[in-house]
Amino acid sequence: LLKDAVYAELKDTWFAYIPVDRLDYFDTDRIVKFPIRQAFPNATEEIRNAGTCYAMGLATASVFHAMRAVEMGVQVLAGKLNVSLGSPTELAAMGPVIGGIEDKIQEIKKGARSAQKDEDLRFYSEVASQFRHFNNGWRIRVAHARATYEDAQAKTVLDHVIAFFETLAERLSEPE
């Protein structure tokens, strides 16, 4: 009777298998540190989606969600640097956003020598260069259906995106 009851309850229920080595990506709170979750809650949701997709074997979908997260981070960066694009950052093409960020970094470079200038150059240059590589390496291709990805590539992308947000969260956060 008990066996029949269990089968009846589970008849219309499906289960998914997640390999043990992917559990941290399924439960991204294990690998996405609190400062990122606090500073970038919307981007964290995209990272969570990317992790779930990777854990479930959906590599291209994982890269897609990871790149959505990165775009959110770049929008915050452009806002912090007061990049002027003539339209809201979220509607702008990434080329002009990257160019605007790089122009602002050049302005910082021209400033007087100081410890603050040195730290600003390090921070902004590091995150801007990471985004240029994300954009050229993955974002354009996944956004425009030019590539599909394998599991190892998706894991690499996701790990890099998490590192990108660790750096961003040192100084920036999504607007409230």
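Asker: Explain the overall build of the protein here, please?
Answerer: In terms of helices and strands, the protein carries 8 helices and 0 strands. At 20 Å, the protein has a C-alpha radius of gyration far larger than the 16 Å of a compact globule built from 176 residues. With respect to the three principal axes, the spread of C-alpha positions in the protein is 80 × 35 × 30 Å. Considering only contacts in the protein between residues 6 or more positions apart, those separated by 24 or more positions represent 68%. One finds the centroid of the 21 positive side-chain charges in the protein at a distance of 6 Å from the centroid of its 25 negative side-chain charges.

Asker: Would you mind going over the pattern of salt bridges with me for this structure?
Answerer: Enumeration according to the criterion identifies 15 salt bridges in this entry. The partner of E46 in a salt bridge is R68, and the shortest N-O contact between them spans 3.0 Å. In this pair, E46 is assigned in helix α4 (residues 41-55) and R68 in helix α5 (residues 59-80), connecting sequence segments 22 residues apart. Taking the shortest distance from any N to any O, the salt bridge between E71 and R139 comes out at 3.1 Å. In this pair, E71 is assigned in helix α5 and R139 in helix α7 (residues 115-143), connecting sequence segments 68 residues apart.

Asker: Which parts of the structure should I look at to understand the packing of α5 against helix α8 (residues 151-168)?
Answerer: Packed helices, taken two at a time, are described by their axes: the angle between them and the distance between them. Closest axis-to-axis distance for the α5/α8 pair is 9 Å, and the angle between their directions is 15 degrees. It follows from the interaxial angle that α5 and α8 lie roughly parallel. Here the hand of the crossing between α5 and α8 comes out left-handed. Between α5, through A59, S62, V63, A66, M67, A69, V70, G73 and V74, and α8, the contact on the second element is made entirely by D151, A154, V157, L158, V161, F164, F165 and L168. Residues of the contact of α5 with α8, tallied by class, amount to 14 nonpolar, 2 polar and 1 charged.

Asker: I tried to follow the side chain of R22 on my own but got confused; where do I start?
Answerer: Position of R22 among the secondary structure elements: in the loop between α1 (2-10) and α2 (23-26). A distance of 2.7 Å separates the side chain of R22 from the backbone oxygen of Y54, its partner in a polar contact. Once you skip the residues sitting within four places of it in the chain, R22 turns out to touch Y54, A55, G57 and D151.

Asker: Is there a simple way to think about the packing of aromatic side chains in this case?
Answerer: Given two aromatic rings, one states the distance between the centres and the angle between the planes to describe the pair. What the rule picks out here adds up to 6 aromatic pairs. With a centroid separation of 5.1 Å and 75 degrees between ring planes, the pair formed by F123 and Y124 is classed as edge-to-face. Y124 carries the same exposure label as F123, and that label is buried. Considering the side-chain rings of F164 and F165, the 5.3 Å spacing of their centres and the 80 degrees angle between planes classify their relative orientation as edge-to-face. The class of F164 is buried, set by a relative accessible area of 0%. With relative accessibility at 0%, the residue F165 sits in the buried group. Sitting above the plane of the Y54 ring, R22 keeps its charged end 4.3 Å from the centroid.

Asker: What should I look at first to understand a nonpolar patch on the surface in this one?
Answerer: Together, V20, L23, F26, M56 and L58 make up an exposed nonpolar region whose accessible area comes to about 450 Å². With respect to the helices, strands and loops of the structure, L58 is situated in the loop between α4 and α5. The exposure class assigned to L58 is partly exposed, which follows from its relative accessible area of 47%.

Parameters at a glance
- Numbering of residues starts from 1 in each chain and follows the order in which that chain's sequence is written.
- Reporting of local features is limited, given that this is a predicted model, to residues whose pLDDT is at least 70; pairs of side-chain atoms are given and counted only at 80 or more, and all residues count toward the totals for whole chains, interfaces and linings.
- Only hydrogens and water are set aside when side-chain values are computed; all heavy atoms of the structure are taken into account.
- Secondary structure is summarised from DSSP: a helix means a run of H or I of at least four residues, a strand means a run of E of at least two, and numbering begins at the N terminus for each.
- In this setup the radius of gyration rests on C-alpha atoms only. A globule is expected at 2.2 Å times the number of residues raised to 0.38.
- Whether two residues are in contact is decided by their heavy atoms: any pair within 4.5 Å suffices.
- Under this rule, positive means Lys or Arg and negative means Asp or Glu; His and the chain ends count for nothing.
- Lys charges are placed at NZ, Arg charges at CZ, Asp charges at CG and Glu charges at CD.
- Between Lys or Arg on one side and Asp or Glu on the other, a salt bridge is scored when a side-chain nitrogen of the former is within 4 Å of a carboxyl oxygen of the latter.
- Each axis is a line fitted through C-alpha atoms, and for a helix only the stretch in contact is used; angles between axes span 0 to 180 degrees, taken between their N-to-C directions.
- In these notes the angle categories are as follows: under 35 degrees is roughly parallel, over 145 is roughly antiparallel, 65 to 115 is roughly perpendicular, and the rest is oblique.
- Handedness of a crossing follows from how the near helix is turned relative to the far one, being left-handed for an anticlockwise turn of less than a right angle and right-handed for a clockwise one.
- Polar here means any residue other than Ala, Val, Leu, Ile, Met, Phe, Trp, Tyr, Cys and Pro, which are nonpolar, and Asp, Glu, Lys and Arg, which are charged; Gly is therefore polar.
- Pairs of N or O atoms are called polar contacts if they sit within 3.5 Å, as long as, within protein, a hydrogen donor faces a hydrogen acceptor (for residues adjacent in sequence, only side-chain-to-side-chain pairs).
- Any two of the Phe, Tyr and Trp rings considered here, Trp counted by its six-membered ring, make a pair once their centres fall within 6.5 Å; the pair's planes then place it as stacked at under 30 degrees, edge-to-face at over 60, or tilted in between.
- Only protein chains enter the area calculation, which uses a 1.4 Å probe; residues under 20% of their type maximum are buried, those over 50% are exposed, and those in between are partly exposed.
- Whether a charge sits over a ring depends on NZ of Lys or CZ of Arg being within 6 Å of the ring centre and within 35 degrees of the ring normal.
- For patch building, the residue pool is restricted to those with more than 30% relative accessible area and no salt bridge; the joining distance is 9 Å between like charges and 5 Å between nonpolar side chains (Val, Leu, Ile, Met, Phe, Trp, Tyr).
- Using the Shrake-Rupley algorithm and a 1.4 Å probe, accessible areas are obtained, with residue cover drawn only from the displayed protein chains.

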